Amino acid sequence: MSAEIYTLQSDTQRLRLVPELGGAVAGWDWKTDSGWTPLFRPWDGAKADLYTVACFPLTPWSNRITGGGFEQDGMFYPIKLNRDGENYPIHGDGWLQSWQVAERSASHIRLALESHRFDGNPYDHASIETFTFLPDGLAIDLTVTHLGKQALPYGLGLHPYFVRNADTLLQARTTGVWLSGKDPIPIAYASEFPPTWDYNTPAPLNGPMIDTGFNGWDGTAVITYPNRGLSLTMTMENSPGYSLMYRPPDLPYFCYEPITQPIDAFHMEGWPGLKVLAEGESMSLKVTLRVANLVGT
């Protein structure tokens, strides 16, 4: 695929963005004594598929919606299927559109999207994604503003693909998990975790597939790379307590997604995590990713 890649680089980190491919990150690397090492799974540049990139934004809602759409103020708003092989519309529409570079400096870049009822869905929104270098990592700020006349429910998320190997450890404190069958839509909630699903203390990333949401997340996830002598701490500011994990077996990456709403919140009582925005109102998701050397390395 031919797409322009924008690069920010400092003495310690390198960020590559491909705005026209859904506002995606193509790679985020950290400088070590042995050279550049990837923290996000790098995009190979071969496929225009967001599921092959390093990270992409979820706006104006995250994950799946059942029922063909949702009802708001007595009106049903249909949402079309938007990915081959999926039984439900997924991840909003921002990832399916080309973003523009709105602002750029040596230490930050801002991408912008104005979307008007993309593919017939009900959302008119302006989304802004800002990446800023920190002395010890990266800050990502995703903001959406409702442009439509009728108020609608919104949610946000990020979909980072973190690299992993057999030595990698994850810690993410949560209180429970939604369970599902072969269909990834939750059918039950459990406060007791299935074997290998409990990351309240550091644990390896091996085991069977996980593709579901967790509840009670404290907003911090720590990934430890003993073989690299590094740790990566992701923090979601003012986390509402929801996260999503995708842990495919036998692959060199996994996803731990900061999100503002659980899966299919549009069909849960009280619409947990969703915010109904009137024209001109906004909501934001702010995440920092900080890198540290492990003690003794």
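Residues numbered from 1 in each chain as written. Predicted model: local features only at pLDDT ≥ 70, side-chain atom pairs only at ≥ 80, totals over all residues. Heavy atoms only, no water.

(A) Looking closely at the overall build of the chain. For the chain, the count of helices and strands is zero helices and 25 strands. Relative to the globule expectation of 19 Å for 297 residues, the C-alpha radius of gyration of the chain, 19 Å, shows essentially globular dimensions. The principal-axis extents of the C-alpha atoms in the chain amount to approximately 60 × 45 × 35 Å. Of the contacts formed within the chain by residues at least 6 apart in sequence, a portion of 64% connects residues at least 24 apart. Approximately 12,600 Å² of the chain is accessible, and the part contributed by carbon and sulfur atoms is 50%. (Helix = DSSP H or I, 4+ residues; strand = E, 2+ residues; numbered from the N terminus. Rg over C-alpha atoms; globule rule 2.2 N^0.38 Å. Contact = heavy atoms within 4.5 Å. Areas by Shrake-Rupley, 256 points an atom, 1.4 Å probe, with all protein chains shown as cover.)

(B) Just the nonpolar core, in detail. One finds Phe 162, Tyr 256 and Leu 289 to be the most contacted residues of the largest nonpolar core, which totals 64 residues. Setting aside residues up to four positions removed in sequence, Tyr 256 forms contacts with Pro 160, Phe 162, Leu 170, Ala 172, Thr 174, Trp 217, Ala 221, Met 234, Ser 243, Leu 244 and Met 245. (Core = buried A, V, L, I, M, F, W, Y, C linked by side-chain atoms within 4.5 Å. Buried < 20%, exposed > 50% of the residue type's maximum accessible area, 1.4 Å probe, protein only.)

(C) How the structure looks around the sheet that holds strand E8 (residues 100-104). Judged by pairing direction, the sheet is antiparallel, and its nine strands sit side by side in the order E8-E9-E10-E11-E25-E21-E20-E15-E18 without closing on themselves. The outermost strands of the open sheet, each flanked by one partner alone, are E8 and strand E18 (203-204). For strand E21 (residues 230-236) and strand E25 (residues 282-293), the ladder comprises seven bridges, and the chain directions are antiparallel. When the bridges of E25 are listed, Leu 232 appears paired with Val 291. (Pairing = 2+ DSSP bridges.)

(D) Summary view of empty space enclosed by the protein. Evaluated as defined, the whole model comprises one cavity of 30 Å³ or more. What the largest cavity holds in volume is close to 30 Å³. (1 Å grid on protein atoms, 1.4 Å probe; cavity = no way out; pocket = protein on both sides within 12 Å on 5 of 7 lines; lining within 4 Å. Points joined across faces, edges and corners; volume = space filled by probe spheres on them.)

(E) Here's a closer look at the layout of surface pockets. Considered as a void within the structure, the largest pocket measures approximately 300 Å³ in volume. The wall of the largest pocket is formed by 18 residues, among which Tyr 51, Arg 64, Glu 86, Asp 211 and Tyr 246 lie closest to the centre. At the level of elements, strand E22 (242-247) and strand E23 (253-258) are the ones that each hand at least two residues to the lining of the largest pocket. Among the residues making up the lining of the largest pocket, the classes are represented as eight nonpolar, five polar and five charged. (Nonpolar A, V, L, I, M, F, W, Y, C, P; charged D, E, K, R; others polar.)

(F) Examining the pairing of strand E20 (residues 220-225) more closely. Across four bridges, strand E15 (residues 169-172) lies against E20 in antiparallel orientation. Residue pairing across strands places Leu 170 opposite Ile 223, the latter belonging to E20. Looking at chain direction, E20 and E21 are connected through six bridges and run antiparallel. Of the residues in E21, the one forming a bridge with Ala 221 is Met 234. Taken together, E20 and the strand that follows it, E21, pair antiparallel across an intervening segment of four residues, in which Gly 229 is found at a positive phi of about 70 degrees.

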